[in-house]
Amino acid sequence: MFNYTFHWHQAFRALPDMMWGALVTVEVAVLSMVLGIAFAVLLAVARMSSNRLAHGAATTWIEVARNTPALFQIYMAHFGLGSFGIHLSPWWALMAGITFNNAGYLAETFRGALRAIPPTQTRAARSLGMGPLRAFWSVVMPQMFRISFPPMTNQMVWAILMTSLGLTVGLATDLAGVTQELNVRTFRTFEFFALAAVLYYLIAKAVMLGARLIAWRLFRY
Amino acid sequence: MFDTALTLKDLMFLAKGAGITLSITVVAVLFGTLLGTIFGAFKAQASALAAAPLTFVLDVLRSVPLLIQLILANAFQSIAGFGWSPFMVACVMLSLYTSAYCAEIVRGGIEAVPAVTRRAARSLGMTWAQDMANVTLPMALRVALPGWIGLTLGVMKDTALVLWLGIIELLRSSQILVTRLQEPLFILLITGAIYFLISFPIARLGGRLEARWREND
Amino acid sequence: MKKTYLATVSLAALLAAGTAQADKLDDIIASGTLRCAVVLDFPPMGSRDADNNPVGFDVDYCNDLAAALGVTPEYVETPFPDRIPALVSGRADVGVASTSDTLERAKTIGFSIPYFAFTNVVLTREGAGVDNFEGMSGHVVGSVAGTFEGIKLEENIKAWGAGEFRPYQSQADVFLALSQGQIDATVVTSTVASSIVASGQYPGLKIAGDAPYPIDYVSLIALREEQGLINYLNLFVNQQVRSGRYQELYDKWVGGTAPGLTIDGVYR
């Protein structure tokens, strides 16, 4: 049945290169998450606002991000924007695509969380003399993050998984890109990608563990 | 408005791709839900130790990029000499992938049913099976349905990755047309619109259901 | 005891005989279809017509091969990096896909004798500031991951120490990136470059001189262990040249005198 000789030593020799790739993967995922959270807060507030333009723009962003494939969004960031003469390098195209996606999903998470926070809290903060921004920043937002923390952790794992799509727009430095480069030169598909799968699993576990530590540090009473 | 070389035939070509996208989605969601329900019910009932191997496998399916799972599955079937078609590989892998998420949804649903409710059902003389069928599952379904609709839509979008196996689904058909016609923006926008038209109404329906059921709680 | 032993031995012998007989060549003839891996974003070797059906030199070559075998051809479209995986994973029987016969690849798959030969040129865009091969130094360039010219170009960029190399996963993406200005130049076979420029599909593309790479001989590919099939492919390529069909197909898709497929001073 197994008429195939595994060449594992070849894969293990490439492990250092793949670890460097994993670093790029984590870098893109973390940055896209930070940017995604920032955009998502703005989008959530904009979607709940009565300003028609802000509401429309936020709704469009959120619905497109949630109703089209991530692969499509990344492809658009590279070749779609390219049609307008806007040239994002593969790294930035991947970054833009995942940030767009993260922001869309997180905005809905935040919107749900904001609805769960009683408006009396804002009023109480205002009556203590805080400005509207200050009240949002110091009273509402910390609670919003606390409520949304589990879905945010999931989104972070998805961000890691989505980075693997960078190779479709010519990125060769992240974990999937490095693995594919090794694959197309040696055609030892199973060995290299099995090793990549183990690395992705470890990264995802590390993210979950890290999230648990952060939650324990930040959100205990 | 647009000066395009896109013909009706090309639109039919895209529609055919969308058909492939939908058929893989249906197969994956069907088998994924079936498997996921079994896995989820098992995880909710069995001890953590007994469920550990299953938990680990499902965890791997949720922690490794789907693209890499597809590549690995395809490489494995060739090494093992199964002789599966790419369509088969895509359906099997996506079903397993779906089942991993579905198991969590089902487990969450079952665990959301308060233990006292189930004890009350049993004390009324219901058997375990009667309790499951008449009390626990109907209540769990309500909790799980919005998540399940979200999962279905997620799988529909994730099928785009099977283009890597050489399957000409919606996104791949659009790339073929882009290659021939060189109108990337226009064709990609049409493709995005098709995905949106499939996904958005179902997403809205899910949101509506969720809101309505919340009112009854 | 003895009876079971005998039964087991004869059963094992029967099974062994059953599996040892049929090879890939038999399988193809028995199944009645020849599944060719072809690349369809590489005109004139392979592309799609207005009805999105496969056409090109490689597609015709596959048809000829199927006719010689007395079976119906079936095309499995593969982007360049996917040609060999498609063959190894059993999605295709034979690759008619302009595959350069490198020693690295020969570790994994089997090559026939060359069926076509390319020279490589620099393809760039008007106003990109690339006038010749050396002019690519310091520019963002790209090619298809893992191809003969892609690997060479990446080495060049590294040796020059200036510029950036981007590996794309299909030839179509490389041309698209070049025409959009994402990359400034690529190295591609002269046949394909002239066809792309002549088609007018990608306005502004132009050829900027030769790339100083050795002649790129390309072969049909099959599984490494299928010696019977590879033997058949060798004879088929030979017959295509001998019968004049090679020149005929060259006239149809490219035009001019078809490149020679032999190398001076060495066997095969």
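Above this text is the structure in question.
Scope of this entry: the structure provided in the associated data block. (Residues numbered from 1 in each chain as written. Chains lettered and ligands numbered in written order. Predicted model: local features only at pLDDT ≥ 70, side-chain atom pairs only at ≥ 80, totals over all residues.)

## What to know about the overall build of chain C
Here is step 1 of the chain: Regarding its fold elements, chain C presents 10 helices and 12 strands.
Here is step 2 of the chain: Its C-alpha atoms give chain C principal-axis dimensions of about 85 × 45 × 40 Å.
Here is step 3 of the chain: Put simply, chain C has 268 residues, and 47% of those count as buried.
Here is step 4 of the chain: Pairs at least 24 apart in sequence give 73% of the contacts found in chain C among residues at least 6 apart. (Helix = DSSP H or I, 4+ residues; strand = E, 2+ residues; numbered from the N terminus. Buried ≥ 20, exposed ≤ 12 C-beta atoms within 10 Å, placed from the backbone. Contact = placed C-beta atoms within 7 Å.)

## Some remarks on the interface of chain B and chain A
Here is step 1 of the chain: In this complex, chain B contributes 28 residues to the contact, which on the side of chain A involves 31 residues.
Here is step 2 of the chain: Residue contributions to the side of chain B that touches chain A peak at 10 residues, all from helix H8 (residues 184-216) of chain B.
Here is step 3 of the chain: When grouped by side-chain class, the residues that make up the side of chain B that touches chain A number 21 nonpolar, five polar and two charged. (Nonpolar A, V, L, I, M, F, W, Y, C, P; charged D, E, K, R; others polar.)

## Focus: unusual backbone geometry
Here is step 1 of the chain: Cis peptide bonds are those with omega within 30 degrees of zero, and the linkage from C:Pro43 to C:Pro44 qualifies with 0 degrees.
Here is step 2 of the chain: Within the fold, C:Pro44 resides in the loop between strand E1 (33-38) and strand E2 (47-48).
Here is step 3 of the chain: At A:Phe187, a residue that is not glycine, the phi angle is positive and equals roughly 60 degrees.
Here is step 4 of the chain: Considering the arrangement of structural elements, one finds A:Phe187 in the loop between helix H8 (175-186) and helix H9 (189-218).
Here is step 5 of the chain: Not every positive phi belongs to a glycine, and C:Ser98 is a case in point at roughly 45 degrees.

## So, the environment of C:Trp160
All names here are of chain C.
Here is step 1 of the chain: As for its placement among the helices and strands, Trp160 is situated in helix H6 (residues 148-160).
Here is step 2 of the chain: Under the C-beta neighbour-count criterion, Trp160 is labelled partly exposed, with 13 such atoms within 10 Å.
Here is step 3 of the chain: Trp160 sits 22 residues away from Gly138 along the chain, and the two C-alpha atoms are 7.9 Å apart.

## A short note on the packing of helix H2 (residues 48-63) of chain B against helix H4 (residues 86-112) of chain B
Residues and elements named next belong to chain B.
Here is step 1 of the chain: H4 packs onto H2 with a crossing angle of 110 degrees between their chain directions and a minimal axis gap of 9 Å. In this view, H2 runs roughly perpendicular relative to H4, as classed from their interaxial angle. Both H2 and H4 take part in a crossing whose hand is left-handed. On H4, the residues touching Leu58, Leu61 and Arg62 of H2 are Leu96, Tyr97, Ala100, Tyr101 and Ala103.
Here is step 2 of the chain: Taken together, the residues that form the contact of H2 with H4 break down as seven nonpolar, no polar and one charged. (Axes fitted to C-alpha atoms, helices over the stretch in contact; angles between N-to-C directions. Parallel < 35°, antiparallel > 145°, perpendicular 65-115°, else oblique. Left-handed = near helix turned anticlockwise from the far one by under 90°.)

## Observations regarding the interface of chain A and chain C
Here is step 1 of the chain: Counting residues at the interface gives 16 residues for chain A and 17 residues for chain C.
Here is step 2 of the chain: Of all the secondary-structure elements, those providing two or more residues to the side of chain A that touches chain C are helix H4 (70-82) and H8 of chain A.
Here is step 3 of the chain: Take the side of chain A that touches chain C: its biggest share by element is four residues, from H8(A).
Here is step 4 of the chain: Per-class residue counts for the side of chain A that touches chain C are six nonpolar, eight polar and two charged.

## Quick word on the sheet that holds strand E5 (residues 94-100) of chain C
Residues and elements named next belong to chain C.
Here is step 1 of the chain: The five strands lie next to each other as E4-E1-E5-E12-E6, forming an open sheet whose pairing is mixed. Of all strands in the sheet, those bounded by a partner on one side alone are strand E4 (72-77) and strand E6 (109-118). With direction set aside, neighbouring strand axes in the sheet form an average angle of 30 degrees.
Here is step 2 of the chain: In terms of strand pairing, E5 meets strand E12 (residues 216-223) through three bridges, oriented antiparallel. Paired with Thr99 across the bridge in E12 is Ser219. (Pairing = 2+ DSSP bridges.)

## A few points about the pairing of strand E8 (residues 140-144) of chain C
Working note: regular strand, side chains alternate between the two faces of the sheet.
Here is step 1 of the chain: The buried fraction of E8(C) is high, at four of five residues.
Here is step 2 of the chain: In this region the chain leaves E8(C), passes through H6(C) and returns to the parallel neighbour strand E9 (residues 164-168) of chain C; the handedness of that crossover is right-handed. (Right-handed = clockwise from strand over helix to strand, strands pointing away.)

Treat this as a map of the structure, not an account of what it does.
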